[in-house]
Amino acid sequence: MTHPIAHKRQLSPDTYQIRIKADHVANKFKPGQFVILRIHEKSERIPLTVSDVDTSEGTITLIYQVVGKSTMELSTLGTGDAILNCVGPLGNPTEVKHFGRVICVGGGTGIACIYPIVRALAEADNEVISILGARTEKMLILEHEISELSDKTYLSTDDGSKGHHGFVTEVLKDIIAKEHKTKPFQRIIVIGPPQMMKAAADVTRPCHIKTIASLNTIMVDGTGMCGCCRTYVNGDMKLACIDGPEFDAHKVDFDGVISRLSMFQEKEAQAYKDFKKRKPSQ
Amino acid sequence: MIKLGGTRVPMREQKPEERIKNFKSVPLGYSEEEVIKEAQRCIQCKGLPCETECPINMKILEMIREIANRNFKRAFFIIKEDNPIPAITGRVCPQENQCEGVCPPYKRGHGINIGKLEAFVADWAREKGIKEEFHIKKTPEKVAVIGSGPAGISCAVDLRKFGFQVTMYEALHKAGGVLQYGIPAFRLPTEVVDYEIQYLDEIGVDIKLNFFVGQNIKFNELREEFDAIFLATGAGAPFFMDIEGESLKGVYSANEFLIRVNLMKAYKFLDFDTPIVCKGPVGIIGAGNVAMDAARCALRLGVEKVYILYRRTKKQSPARDEEIQHALEEGMLLKELISPKKFVGDEDGWLKEVELFQMELGEADKSGRPRPIKIEGSEFRLKMNTIVEALGSMPNRLFLSRAPELEVNKWGQIKVDHNLMTNIKGVYAGGDAIRGNATVILALGDGRKAAQSIRKYISSKSRS
Ligand SMILES: Cc1cc2nc3c(=O)[nH]c(=O)nc-3n(C[C@H](O)[C@H](O)[C@H](O)COP(=O)(O)OP(=O)(O)OC[C@H]3O[C@@H](n4cnc5c(N)ncnc54)[C@H](O)[C@@H]3O)c2cc1C
Ligand SMILES: Cc1cc2nc3c(=O)[nH]c(=O)nc-3n(C[C@H](O)[C@H](O)[C@H](O)COP(=O)(O)OP(=O)(O)OC[C@H]3O[C@@H](n4cnc5c(N)ncnc54)[C@H](O)[C@@H]3O)c2cc1C
Ligand code: SF4
Ligand code: SF4
Ligand code: FES
């Protein structure tokens, strides 16, 4: 069984959205879950969050940023091509219920991952405040889709080309300082680069607002068999693929997560360079 | 003194200095003349101790007789009556503790090489395209087999022979379980495993890859859809030491290390995408088959210094004799009576040293082996840039958490009765899922036994 690409769209200079056929995932998916793809026989297994599903046509939508060999190779595929393997949905769904007031923070491709969660939380009658951030305006994805679902949406860019000039965590700090005393927040969900999630956890920790982060550790099988996604939460070893990917951000050892993400950096750079050499058109 | 049985026909092998540069099979296999000569050494003991000790009581003597008479085809069909995957068991069974260990000339180091005879016949049949063919009378009952390791494979084959509609679910993208992702190709060539999987396909087993039961499909949905279920989910979740420094870069579980190397082919990096970083010196913790496999993979990744760090001594190693022998020939170094206390990293978070306790051996424990005891104050450090923890593994807790109605023991092993039925009617289990880290042949035996039980269960159900 392969997974034909039904649709492809470029969202920003290095971000793409694809819809692929995968009935078995579409039928079971809940927000917060991911799939693991293997593009072809020689590919590695890469985890990607499912951002949307269409159960009637049996497709799932994935949004990915080109950061290395596999995502670049994926970006060379288009409608009519197929992905060899897709296993999922993996991981635990986000806890969705009526919390009251929630803040969803998405940074970079984390915006893609937070999108289905915003929708689910809005559907569960929460007041959703979204904060989206990226390096620059062009990289800010899904602004329109998310602001439609949110009660209020704030934007920020590192270079100030749109919204707040700076980091999402500064916006978050500001909102909490202004509103938390009078209209408290019940929950905050942050997804993005681990450095950003760590900073967000530092912002919310002193005000004791339950904060959830989704960890993008390196993964291989995604079913609890290799242990490469291990991470420490409150001092206990957890596996991001089966115990997560979401954890209490105040208890995650983000420094460990950040460090382990660079374990294969040298090899990844080598693979990327090699691939670009072989595909000069890219 | 007469030397019963004479001396063993030596197995030709790739030379150590050559083979550590490739992942091809180390033994080169017997030739027809050699295999016949080896078979002719059998002294046809009364009582057939070899058959008694084989966990599936294979008809070894009959096989040997046919081989000695150059009737390889007949030998093949005799083996197949009991053993659906002889090319595999012949290569990986711990023969010295089973069939071969009780063969009289074994005491002199010259037991009949039963495993290699078995593998020869199976390879011969594969090369000649000779397969066991059977007429499948169709029955409407449907059975699900979860997991595609040796337990799942052997159960599926028998269930098809009984005529049931069999669907096999496998979480990974390739079928075979440990045979595929764990045991390296230089010990068990990939084409040997692939051939058995292809055979499943040919006899009509519907193999669904990339399906994790519990996640893709709910266990309850399966129970509704199928008349019976066989759980052959193995024990694939690694144990960790749970000591300081375990999240350092350079520290792997044996499962991650072997999955990257074998299943994902990281040893062909750049042609294949999955990377592995394996800088020497490498320390492997543990001394079983898994540890030997990891050590030998590390040597093949070009590392010069690969150490087994073992808390007991070589004598107590649970690995197959052949594995230890091969690993030592290839340059693996053994450090006995030591056990890690913590891993020490550099400023970039990479492993650089291991702090270890010196150990001593005490009284025998439950496994019959002397218990290793820490010597307090004996700590010392060794420079290590890679650590692979081969401490054993346990059943997958994700699956168990998705099937909470299943009864398990405190190690997460699924509880079964003497028919291999779990506490849920119509749901059977076998292999590592009920035993923890056991062997291919025990998993295979369970698969066959479960198939029988399932047949009885289904026929009693249809009568009532
Ligand atoms: C649960 C989960 C959900 C994710 N969802 C998304 C998503 O929706 N969109 C998206 O763009 N990205 C997502 N990622 C990250 C994505 O998997 C990686 O960007 C991708 O694997 C990189 O592959 P590459 O070969 O292109 O880059 P590489 O050159 O392999 O790596 C570049 C960097 O990406 C990270 N990385 C590498 N391999 C992995 C891996 N197997 N798993 C995680 N990170 C890795 C490392 O930090 C590495 O330095 C998710 C990761 C996880 C764990
Ligand atoms: C590196 C290594 C070397 C070994 N060497 C030897 C040896 O030399 N000799 C020997 O006799 N034994 C050896 N063993 C042990 C032997 O491989 C196992 O005892 C045997 O494979 C167990 O078989 P099994 O069928 O029970 O499970 P496995 O082979 O573990 O197969 C289980 C399969 O089920 C799949 N699965 C699990 N959960 C699910 C789910 N929920 N849905 C779908 N699929 C699922 C897994 O992905 C896996 O593929 C070795 C083991 C390892 C790890
Ligand atoms: S199956 Fe294993 S134990 Fe039995 S005869 Fe063959 S090698 Fe020996
Ligand atoms: S124990 Fe050895 S010698 Fe005796 S019958 Fe078996 S294989 Fe032959
Ligand atoms: S990815 Fe292998 S255990 Fe989580």
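Residues numbered from 1 in each chain as written. Chains lettered and ligands numbered in written order. Predicted model: local features only at pLDDT ≥ 70, side-chain atom pairs only at ≥ 80, totals over all residues. Heavy atoms only, no water.

Chemist: Would you mind showing me how to read the overall build of chain B here?
Modeler: Within chain B one finds 17 helices and 16 strands. Its C-alpha atoms put chain B at 70 × 65 × 50 Å along the principal axes. Every one of the 464 residues in chain B was classed for burial, and the buried ones make up 60%. Restricting the contact set of chain B to residue pairs at least 6 apart, pairs at least 24 apart contribute 69%. (Helix = DSSP H or I, 4+ residues; strand = E, 2+ residues; numbered from the N terminus. Buried < 20%, exposed > 50% of the residue type's maximum accessible area, 1.4 Å probe, protein only. Contact = heavy atoms within 4.5 Å.)

Chemist: Hey, could you run me through the domain arrangement of chain A in this one?
Modeler: Frequently, the measure chosen for interface size is the accessible area removed from exposure when the parts meet. All names here are of chain A. Partitioning chain A into structural domains gives domain 1 (3–90) and domain 2 (101–261). Summed over both sides, the interface between domain 1 and domain 2 buries roughly 1600 Å², with carbon and sulfur atoms accounting for 65% of that surface. On the surface where domain 1 and domain 2 come into contact, there are two salt bridges. We note a salt bridge from E145 to R9, for which the minimum N-O separation is 3.6 Å. Taken together, domain 1 and domain 2 are joined by four residue pairs in polar contact (both at pLDDT 80 or more). Every element with two or more residues in the side of domain 1 that touches domain 2 is listed here: strand 1 (3–12), strand 3 (34–38), strand 4 (46–54) and strand 5 (59–65). Broken down by element, the side of domain 1 that touches domain 2 gets its largest block of residues, five residues, from strand 4. Partitioned by chemical class, the residues of the side of domain 1 that touches domain 2 number eleven nonpolar, six polar and four charged. (Domains from an automatic or database assignment. Buried area = accessible area lost by both parts, 1.4 Å probe. Salt bridge = Lys/Arg side-chain N within 4 Å of Asp/Glu carboxyl O. Polar contact = N/O pair within 3.5 Å; in protein donor to acceptor, adjacent residues only side chain to side chain. Nonpolar A, V, L, I, M, F, W, Y, C, P; charged D, E, K, R; others polar.)

Chemist: Hey, could you run me through the nonpolar core in this one?
Modeler: Buried together is how nonpolar side chains tend to be arranged in soluble globular proteins. Within the largest apolar cluster, 135 residues are counted, with the highest numbers of intra-cluster contacts made by I103 of chain A together with M63 and L231 of chain B. For this core, the element with the highest residue contribution is helix 17 (residues 440–463) of chain B, accounting for nine residues. Once residues within four sequence positions are removed from consideration, I103 of chain A is found in contact with I129, I131, L172, I175, I176, F185, R187, I188 and I189 of chain A. Counting 35 residues, the second-largest nonpolar core is a separate cluster that includes F264 of chain A together with A287, L299 and V303 of chain B. (Core = buried A, V, L, I, M, F, W, Y, C linked by side-chain atoms within 4.5 Å.)

Chemist: Would you mind showing me how to read the pattern of salt bridges here?
Modeler: Opposite charge on two side chains permits pairing when their charged atoms draw close. Throughout the structure, instances matching the rule amount to 56 salt bridges over all chains. The salt bridge partner of R119 of chain A is D52 of chain A, with a shortest N-O separation of 3.4 Å. Taken together, the positions of R119 of chain A in helix 3 (residues 110–123) and D52 of chain A in strand 4 put the pair 67 residues apart, joining distant regions of the chain. Classification of R119 of chain A as buried rests on a relative accessible area of 17%. For the salt bridge of E95 of chain A with R187 of chain A, the shortest nitrogen-to-oxygen distance reads 3.2 Å. In this pair, E95 of chain A sits in the loop between strand 7 (85–90) and strand 8 (101–107) while R187 of chain A sits in strand 12 (residues 187–191), placing the two residues 92 residues apart along the sequence. Residues joined by salt bridges that share partners form a network here, namely R19, K116, R187, D293, R296, R300, R320, E322, E323, E329 and E330 of chain B.

Chemist: Got a minute to help me understand the side chain of R101 of chain A in this structure?
Modeler: All names here are of chain A. Mapping R101 onto the fold places it in strand 8. Look at R101 and you get buried, because its relative accessible area is 8%. Engagement of the side chain of R101 in a polar contact is seen with the backbone oxygen of K183, the distance being 2.5 Å.

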